[in-house]
Amino acid sequence: MNIVIMVVIGIGTALMLSGCGESAIKCDNSDAKKLVMEVAKNEIINQQYGRFVTYQELKKQSAENPEAKRTLETIEKQYSEATPTLTNIRTKNMDNKLGKSECAAEIHYSNGNKTDITYNLSRTSEGKLYAEVF
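A quick note: this is a predicted structure, and the numbers were derived from the prediction, not measured.

Colleague: Got a minute to help me understand the nonpolar core in this structure?
Modeller: What tends to happen in soluble globular proteins is that the nonpolar side chains get buried as a cluster. Ranked by size, the top nonpolar core spans 23 residues in total, and within it Val36, Ile44, Leu86, Ile107, Ile117, Tyr119 and Leu121 carry the most contacts. Residue assignment for this core shows that the elements contributing at least two residues are helix 2 (30-49), helix 3 (55-62), helix 4 (66-81), strand 2 (100-108) and strand 3 (114-123). Among the elements that line this core, the one with the most residues is helix 2, at 6 residues.

In structure tokens:
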């Protein structure tokens with residue numbers, strides 16, 4: 001009888017521990033790549049065009065200001081025509097216990113230019129994917 005109780009306790013403990021840690025998100029996960037490109041787009045546009053106003057602020061202003069809307073459309077068209085793609089994705093570190101991944105990649109553009117980036121992936125307390133791009 002003691003052996004049965006010990007086996008049940010052992011299996012229960014193993015099941016509880018296996019559910020504790022979140023597995024890390026893979027660097028090439030399709031949702032992660034999409035989110036990384038969204039975050040990168042904001043930063044890239046801010047670096048190229050954000051001398052006077054940030055991309056986020058221009059988006060807000062475009063709802064009420066026709067000139068801001070035209071500027072926003074021009075910037076987004078130029079960015080889109082550059083066809084940025086996330087390539088050469090590499091995993092630098094994965095911590096399954098914390099559910100965090102550290103990644104590196106390149107953003108390639110149609111004109112041959114590229115931007116090296118690193119990014120961290122994790123989940124919020126609500127379970128949503130979270131990306132920090134550097």
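On we go from here.
Colleague: Sorry, what's going on with the pairing of strand 1 (residues 85-95) here?
Modeller: Successive residues of a regular strand alternate their side chains across the two faces of the sheet. Both strand 1 and strand 2 contribute to a ladder of 8 bridges, which runs antiparallel. Looking at strand 2, one finds that Asp95 is bridged to Lys100. Here strand 1 folds back onto strand 2, and the loop between the two strands holds 4 residues, one of which, Gly99, carries a positive phi near 70 degrees.

Colleague: Would you mind going over unusual backbone geometry with me for this structure?
Modeller: Peptide bonds are mostly trans, and most non-glycine residues show a negative phi. If you check the backbone angles, Thr83 has positive phi at about 40 degrees while not being a glycine. Relative to the assigned elements, Thr83 resides in the loop between helix 4 and strand 1.

Colleague: Please clarify how the pairing of strand 2 should be interpreted in this entry.
Modeller: The pairing of strand 2 with strand 3 spans 8 bridges and is antiparallel. Residue pairing for strand 3: Cys103 is matched across the bridge by Tyr119. In this structure, the hairpin formed by strand 2 and strand 3 is closed by a connection of 5 residues, where Gly112 is found at a positive phi of approximately 95 degrees.

Each value, and the rule that gives it
- Residues numbered from 1 in each chain as written.
- Predicted model: local features only at pLDDT ≥ 70, side-chain atom pairs only at ≥ 80, totals over all residues.
- Heavy atoms only, no water.
- Core = buried A, V, L, I, M, F, W, Y, C linked by side-chain atoms within 4.5 Å.
- Buried < 20%, exposed > 50% of the residue type's maximum accessible area, 1.4 Å probe, protein only.
- Helix = DSSP H or I, 4+ residues; strand = E, 2+ residues; numbered from the N terminus.
- Pairing = 2+ DSSP bridges.

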